Amino acid sequence: MRKPIVAGNWKMNGTLESIRELVAGLKAGIGEVNVAEVVVCAPAIYIAEASALTGGTAIALGSQDLSNAASGAYTGEISGSMLNDFNCQYAIVGHSERRHGRGESDQLVAEKFKAAQDSGLTPILCIGELLEEREEGVTEQVCARQMDAVINAYGVAALQNSVIAYEPVWAIGTGKTASPEQAQEVHAFVRSHIAKQDQLVADGVRIQYGGSMNAANAAELLAQPDIDGGLIGGASLKSEDFLTICRAAG
Ligand code: PEP
């Protein structure tokens, strides 16, 4: 059985004060989340504070990105080992806001995936198609290409210590959610694509859905057989909404 995993991606939102309030709300309700693993991905500058706030709780900490390099002359970048120093366990890589908003290539994302694992972090590999790609009927090709960048470089076994987040780009922050059937179809494809190379890895890897998941639609999405959790943007900024999603995950 795959343990569901729900991760909040706070993006570039919040203040020191609002983050303290948000984590206090999460801590108050986390005891009612029985099964799911819960992660919050804080903005880099608040990682230290989030680490102190979540330490000793059932809330794991993640970063929203990391450098593909281990150390050196990379102004503005943050390495996996630095994140490790603050007890980060997860790192999002390849979020569409970085692939499409910051021009990150499949290869760079794959390198970040490896850098996360090399530092003992579990990468959350985001994949997903643009609206025009869905309309052209190439959703599966896009997701396969984004996964293959990792598989071809580091082997299918590298996916064992990772989480995949299927996030149709047209659904992120738009209020347009993929229907449970649409999401399940792609999740099943993602798993079958991995199974072509390794059935055990495919059976074990957790695949989150992301894209306007909220307290109202989470249960239906999370009930799909190949949806193992959620990567949550907007709805992760309100503790009650995020906890409702976590409870719906199990
Ligand atoms: C995300 O940022 O990964 C995301 C899914 O955002 P939202 O839930 O706001 O669509």
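Residues numbered from 1 in each chain as written. Predicted model: local features only at pLDDT ≥ 70, side-chain atom pairs only at ≥ 80, totals over all residues. Heavy atoms only, no water.

Asker: I tried to follow the side chain of Glu133 on my own but got confused; where do I start?
Answerer: Tracing the chain through its elements places Glu133 in helix 6 (residues 131-135). Of the buried charged residues, Glu133 lacks a salt bridge, with Arg145 as the closest side chain of opposite charge at 4.8 Å. Setting aside residues no more than four positions away along its own chain, Glu133 makes contact with Val138, Thr139 and Val142. (Helix = DSSP H or I, 4+ residues; strand = E, 2+ residues; numbered from the N terminus. Buried < 20%, exposed > 50% of the residue type's maximum accessible area, 1.4 Å probe, protein only. Lys, Arg positive; Asp, Glu negative; His and termini not counted. Salt bridge = Lys/Arg side-chain N within 4 Å of Asp/Glu carboxyl O. Contact = heavy atoms within 4.5 Å.)

Asker: I keep staring at the site of the ligand and nothing clicks. Help me out?
Answerer: Near the ligand, the surroundings consist of 14 residues, among which Lys11, Glu167, Gly173, Ser212 and Gly233 are the closest. Here an oxygen atom of the ligand sits 3.3 Å away from a polar atom, N or O, in the side chain of Asn9. Within the backbone of Gly234, a nitrogen or oxygen atom sits 2.9 Å from an oxygen atom of the ligand. Coverage of the ligand by the protein amounts to 95% of the 290 Å² it exposes when considered alone. (Near = heavy atom within 4 Å. Polar contact = N/O pair within 3.5 Å; in protein donor to acceptor, adjacent residues only side chain to side chain. Areas by Shrake-Rupley, 256 points an atom, 1.4 Å probe, with all protein chains shown as cover.)

Asker: Quick question: what am I supposed to make of the packing of helix 5 (residues 106-118) against helix 7 (residues 139-154) here?
Answerer: Each pair of packed helices can be described by the angle between their axes along with the distance between the axes. Interhelical geometry of helix 5 versus helix 7 gives an angle of 55 degrees and a closest axis separation of 9 Å. Taken together, the axes of helix 5 and helix 7 are oblique relative to one another. For helix 5 against helix 7, the interelement crossing comes out right-handed. Along the contact surface, helix 5 presents Asp106, Ala110, Glu111, Phe113 and Lys114, while helix 7 presents Arg145, Gln146, Ala149, Val150 and Tyr154. Its residues assigned to classes, the contact of helix 5 with helix 7 shows five nonpolar, one polar and four charged. (Axes fitted to C-alpha atoms, helices over the stretch in contact; angles between N-to-C directions. Parallel < 35°, antiparallel > 145°, perpendicular 65-115°, else oblique. Left-handed = near helix turned anticlockwise from the far one by under 90°. Nonpolar A, V, L, I, M, F, W, Y, C, P; charged D, E, K, R; others polar.)

Asker: Honestly, helix 2 (residues 47-54) in this entry has me stumped. Any pointers?
Answerer: For an α-helix the count is 3.6 residues per turn, leaving residues at separations of three or four pointing the same way. All buried positions along helix 2 are accounted for by Ile47, Ala50, Ser51, Leu53 and Thr54. Projected onto a plane normal to the axis of helix 2, the buried residues spread over an arc of 165 degrees and lie on a single side. Tucked into the core, helix 2 has its buried residues touching helix 1 (16-29), strand 2 (37-42), strand 3 (59-63), helix 3 (80-85) and strand 4 (88-93). Of the residues one or two after helix 2, Gly56 is the one with positive phi, at around 75 degrees. (Arc of directions from axis to C-beta.)

Asker: Hey, could you run me through the pattern of salt bridges in this one?
Answerer: Opposite charge on two side chains lets them pair, provided their charged atoms get close. Tallied over the full model, the rule gives 16 salt bridges. Between Lys112 and Glu104 there is a salt bridge, and its shortest N-O distance comes to 2.8 Å. Residue classification places Glu104 among the buried residues on the basis of a relative accessible area of 8%. For the salt bridge of Arg191 with Asp226, the shortest nitrogen-to-oxygen distance reads 2.6 Å. Here Arg191 is found in helix 8 (residues 180-195), whereas its partner Asp226 is found in the loop between helix 10 (218-222) and strand 8 (229-232), with 35 residues between them in sequence. Given a relative accessible area of 13%, Asp226 falls into the buried group. One salt-bridge network, held together by shared partners, links Arg2, Arg191, Asp226 and Asp228.

Asker: Explanation requested: the state of the cysteines in the structure shown.
Answerer: Covalent bonding between the sulfur atoms of two cysteines is what defines a disulfide. Enumeration over the complete set of coordinates arrives at zero disulfides. Unpaired in terms of disulfides, Cys41 finds its nearest cysteine sulfur in Cys88, a separation of 7.9 Å. Cys126 provides the cysteine sulfur closest to Cys143, a residue in no disulfide bond, and the two sulfurs are 11 Å apart. (Disulfide = S-S within 2.5 Å.)

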